[in-house]
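Chain and residue survey
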There are 2 protein chains.
Amino acid sequence: MLKLSNCFISLLYRRKLDFDHTKRGKNTVESITIKDIAKALNLSTSTVSRALRDSSEMNLETKKMVLEYARQMNYSPNPMAVSLRENKSKAIGVILPEIANSFFSQLINGVEEVAYEQGYHVVIFQSHESYEREVANLKYLASRRVDGMLVSLSSLTTDLHPFHSLIEKGMPFVFFDRVPASEKVHTITSDNYQSSYNATKHLLINGKKRIAHLTSPRYLSITTERLEGYRRALIDHDIPYDENLIKFCHYGGAVAQENEQTIRDLLSLPHPPDGILAASDRLTMGCLEHLHKNNIRIPEEIAIVGFTNMPVAGLLDPPLTAVVQPAAGMGKRATELLIQLIESPDQIKGFQHISLPSDLQVRRSSASYI
Amino acid sequence: MLKLSNCFISLLYRRKLDFDHTKRGKNTVESITIKDIAKALNLSTSTVSRALRDSSEMNLETKKMVLEYARQMNYSPNPMAVSLRENKSKAIGVILPEIANSFFSQLINGVEEVAYEQGYHVVIFQSHESYEREVANLKYLASRRVDGMLVSLSSLTTDLHPFHSLIEKGMPFVFFDRVPASEKVHTITSDNYQSSYNATKHLLINGKKRIAHLTSPRYLSITTERLEGYRRALIDHDIPYDENLIKFCHYGGAVAQENEQTIRDLLSLPHPPDGILAASDRLTMGCLEHLHKNNIRIPEEIAIVGFTNMPVAGLLDPPLTAVVQPAAGMGKRATELLIQLIESPDQIKGFQHISLPSDLQVRRSSASYI
DNA sequence: TTGTAGGCGTTATCAT
DNA sequence: ATGATAACGCCTACAA
C-alpha cells in the first residue's frame, strides 16, 4: 500500500518538460491524467478508470486509494477525450438575434441556470438579425458537434431549410420566442395572442380608438399571433381594423433608421393613431424617442404599450406600460426540453409547443390617471 | 481515378447503424471522418489528412480529388479529436458578474467579434457577484481546458489566490473593468480616474457643492480610481472632501435592498447631498427610483450623474447624464490581448495595462438648463 | 480483481 | 508519393 504525501498537490498542473516527440501547442496548461495516476500507484489505467467510475467489481482498498489520490491531485477527466469517445460534447449551442437586449439576456440566464446544473456548457452566438450570420453560426455549431441547439430566429429568416436538414440528421433543436411557423419543431413561446389581446384591450378601455401596431416581419409566427390578438381585441370592442395602422418592420427594430421612418409614416397618416402597441424593446424605444422629439404628449395624444423586459420601464418618461415576457422561464423550459431531447428522446412523443404567460404592467404611458 | 457522383452528399451525417461494439451516446449526429474519405477513395488516412492540410509533398491529382470529395461531403474535422491531439480547445472562458446589464453585454459583443474572427468560441459564465460562484466557474473552466480566460471580478472578490494559482500554472488571463489591484496581471479598463474627475467637475461647475459618491466595494481598483478622480476634482474646486458622502456598496448594486438603504442613509444625513455620482447601472437606477418615490426634483434638489451604458439613458425621467464606457472596445482589446497571450506569449513583454477613454454624455439630470 | 488491447478522429514520424 | 504506426486521454470487452 502506498502512502500518499501532501506534496502530491504541488505536482498538479505541472508543465511537462519531457515533451518533444511532437510539436504540440506550447504554453498550455497540462493536467494530470489517468495514466499519471496509474503510474504513481503502480496500477493499470483500466483499474484507475474503474475506480474513478466507481465500479463495484474491484477491490475496495484499491478504489479508495485511487479516489483519495485523485482527489489530492485534483484530477478531473479531460473533457476532450471524453467527448471524443462518447461522441458528444456536453455543449449546447444558442443562436439568437442579440444579447444586448433585456429579453434575450434574461432568456440566457434561464438557459444557463438549467444547462450548468445538468453539466452542459452554453455557447452563445448572435445573428444580429442577419440570415447569413444565422446560417453561418448554425454550420459552425454543427461542426463543433454541439449536442443540441436553442434558436430564436433572426427577423430576416424565411428559409428554414438549413435548420430542417440538421434536424433530419438527428440534431436536437428547440426554438424559443421567434419560432418557425411549422408545427414540426419544438417551441417555447410566451402567450403572444393573449398578451397582445390584453394590451390592446387595455388601450381600448382607456378610450383609444385608433391603435397602431408596430411589429416584426409578418412571416414570423410571433408576429401573426400578436396581430391576431390585437385584431380580435378590436373586433370584440367594435373598432374597425385598419391595415394602414399595421407596420411590419423588416429588421424587427434593429435598424434605427427603419424605425424612425416607420413611425414618421404612422404619424403623418391623414388620420393618425392615438395609441401604439409596439412589439419589441427597440420598436418601443424608437417610438418613445420619436414622440419626445416631436413633443407629442404621452398618453394624452398618443398612448404606448410596449413589449419589453427592460427593468427601467418604470423610470422612463413617461413610465412605460409594458408587456413583460417570462424570459428566464422560457429559457429554462427550453433548456429542460432540449436536454431531454438529447438524453432521452424516446420519452418525448410528438412536438412540444409550450406557451408561458406574460405580464401586463400598467403605467402612465397608457393611462393618464396613474 | 474515381468518379464522384452527387449522391455522395446524401450520405452526409447519415446515422451509422453498424454500431454496437460499445454503448455510445445514441441519437447523436454522426459526421463524415477522414477514415470514411480514405475508404471511399481507396487511400490511407494519412494521405487524406495530408491533402486536407494542403501538404505540398504529394500528388496534385490526389489532393484535388480528396479536397473535392471532402467539399462535396461537407467534411469538417472533428474539433474534439483535434483538441485532444493539440491539447487546446480553441475556447475562451469569460467570467463576469452578469450579462443582463448593458455594459457587460456590450463587452461580450466585443469579445465575440474578435474571438469568432480568430476561430475561438466563447463560453460565458456569470458570477452573479458571488465569490463562491466565481471560483466554481473558474475551476469548471479550467477543467474544461479553455485556452485562456477573460475576467471581470465579482464585487465580493478579495482573495485572488485561485486566479494566481491558475496563472502560475500557465493559464493566460486578461482582466477587464473590474480588475485586481495587482500590477502583475494584464488589465483592460476605462479611464476611471479621468471620467470620474470629469463627471464630478461637471457637477461642480453646475453649482453643486455637496456631491455624494455611490460606488462599489473599496477593494476594487475601479472603486479607488474613481474615488481618486472624484476627490481630486473636489480639491481642484476647493470643496471639502466629506467621508460621509462616500458610500461603498458591498454588492455593487446587485442587491436592491442594499441600494435602497444606502440611498436612504445618504438623504437622511444632517447635511444631505445636492448631487450624486453613481458608479454603476444598478446604483444609478436605484438612486433614480428612490428620488422618484420621494418626489425629489432632479436636478434642482439633487443632480445625478451615473456610470451606465444603457441605450435608454436619454429617455429616462429626467434624461440621465451618463459616463458611457467603451464596453465593446474593451472587450475587443481584451480578447486581442488574450489571443496573443495564447498564441504567441513571447511577443508580450511584461504586463499590459490598457486604459480606454469614456464619454460623458450631459443631459438634464445634471444640468437644468438643457 | 486486475491487466491488455483496441478504438474514438486526427496528425506527425518514420518507413516504403 | 503514399502507407503504416503511434499517440493524445478515456473507456470497456475480453483475457488472465
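The residue numbers shown here count from 1 along each chain, following its written sequence. To label them, take the chains in the order written and letter them from A, then take the ligands in the order written and number them from 1. Reporting in this predicted model follows two pLDDT cut-offs: at least 70 for local features of residues, and 80 or more for side-chain atom pairs to be given and counted; totals over whole chains, interfaces and linings ignore these cut-offs and use all residues. Side-chain numbers here rest on the full set of heavy atoms in the structure, without hydrogens or water.

**Considerations on the side chain of Thr 335 of chain B**
Strands here are runs of E lasting at least two residues and helices are runs of H or I lasting at least four, both read from the DSSP assignment and numbered beginning at the N terminus. Its location among the elements puts Thr 335 of chain B in helix 12 (residues 327-343). Non-local contacts of Thr 335 of chain B, meaning those with residues more than four positions away in its chain, are made with Ile 92, Val 111, Val 114, Ala 115 and Leu 150 of chain B. In what follows, a contact means two residues having at least one pair of non-hydrogen atoms within 4.5 Å.

**Some remarks on the domain arrangement of chain A**
Residue and element names in this part refer to chain A. Domain parsing of chain A yields domain 1 (2-76), domain 2 (88-190 + 328-356) and domain 3 (192-325). Of the roughly 1500 Å² buried at the junction of domain 2 and domain 3 (both faces included), carbon and sulfur atoms supply 50%. Three residues, Ser 155, Leu 156 and Ser 190, lead the burial of domain 2 against domain 3; their summed loss comes to 31% of the area buried on that side. Any Lys or Arg side-chain nitrogen located within 4 Å of an Asp or Glu carboxyl oxygen qualifies as a salt bridge. Arg 282 serves as the salt-bridge partner of Glu 98, at 2.4 Å between the closest nitrogen and oxygen. Source of the domain bounds: an automatic or database domain assignment. Two parts lose some accessible area (1.4 Å probe) when they are put together, and adding that loss for both gives the buried area.

**Focus on the environment of Gln 325 of chain B**
Residues and elements named next belong to chain B. For Gln 325, the position within the fold is in the loop between strand 10 (321-324) and helix 12. Relative accessibility under 20% of the residue-type maximum defines a buried residue, over 50% an exposed one, and the middle range a partly exposed one, all with a 1.4 Å probe and only protein chains included. On the accessibility criterion, Gln 325 (8% relative accessible area) is buried. The spacing of Gln 325 and Leu 356 is 31 residues in sequence and 8.2 Å in space, taken between C-alpha atoms. Excluding anything up to four places from it in sequence, Gln 325 contacts Phe 103, Asp 177, Ser 190, Asn 192, Arg 226, Phe 307, Asn 309 and Ser 358. Contacts described as polar in this section are N or O atom pairs within 3.5 Å, which, within protein, must combine one atom able to donate a hydrogen with one able to accept it, while residues neighboring in sequence count only if both atoms come from side chains. Polar side-chain contacts of Gln 325 include one of 3.4 Å to the side chain of Asp 177.

**Some thoughts on the protein's contact with DNA strand D**
Near DNA strand D there are 26 residues, and of these Ile 34 and Tyr 75 of chain A together with Ser 44, Thr 47 and Arg 50 of chain B occur at the shortest range. Among the atoms of DNA strand D lying within 4 Å of the protein, the sugar-phosphate backbone contributes 68%. At 3.4 Å from a phosphate oxygen of DNA strand D is found a side-chain nitrogen or oxygen belonging to Ser 49 of chain A. Within the contact set of DNA strand D, a phosphate oxygen lies 3.0 Å away from a backbone nitrogen or oxygen of Ser 44 of chain B. Elements represented by at least two residues in the surface near DNA strand D include exactly helix 1 (34-41), helix 2 (45-52) and helix 4 (79-86) of chain A together with helix 2 (45-52) and helix 4 (79-86) of chain B. A cutoff of 4 Å decides nearness: a residue is near a molecule or strand if any of its heavy atoms lies inside that distance of it.

**So, the packing of aromatic side chains**
We call Phe, Tyr and Trp rings a pair once their centres come within 6.5 Å, taking the six-membered ring for Trp, and we label the pair stacked below 30 degrees between planes, edge-to-face above 60, and tilted otherwise. What the rule picks out here adds up to 16 aromatic pairs over all chains. Arranged with centres 6.0 Å apart and planes meeting at 80°, the rings of Phe 163 of chain A and Phe 173 of chain A form a pair that is edge-to-face. Residue Phe 163 of chain A is located in helix 7 (residues 161-168), and its partner Phe 173 of chain A is located in strand 4 (residues 173-176); the two are separated by ten residues in the primary sequence. Residue classification places Phe 163 of chain A among the buried residues on the basis of a relative accessible area of 1%. Exposure remark for Phe 173 of chain A: the relative accessible area of 4% places this residue in the buried category. Ring geometry for Tyr 193 of chain B versus Tyr 197 of chain B: centroids 6.3 Å apart, planes at 25°, classification stacked. Placement of the pair is Tyr 193 of chain B and Tyr 197 of chain B together in helix 8 (residues 192-205), with a separation of four residues, close to one helical turn. An aromatic cluster of at least three residues, connected via ring pairs, comprises Tyr 116 of chain A together with Phe 125 and Tyr 140 of chain B. Working rule: Lys NZ or Arg CZ, within 6 Å of ring centre, within 35 degrees of ring normal, means a charge sits over the ring. Over the ring of Tyr 241 of chain A we find Arg 231 of chain A; its NZ or CZ atom is 4.5 Å from the centre of that ring.

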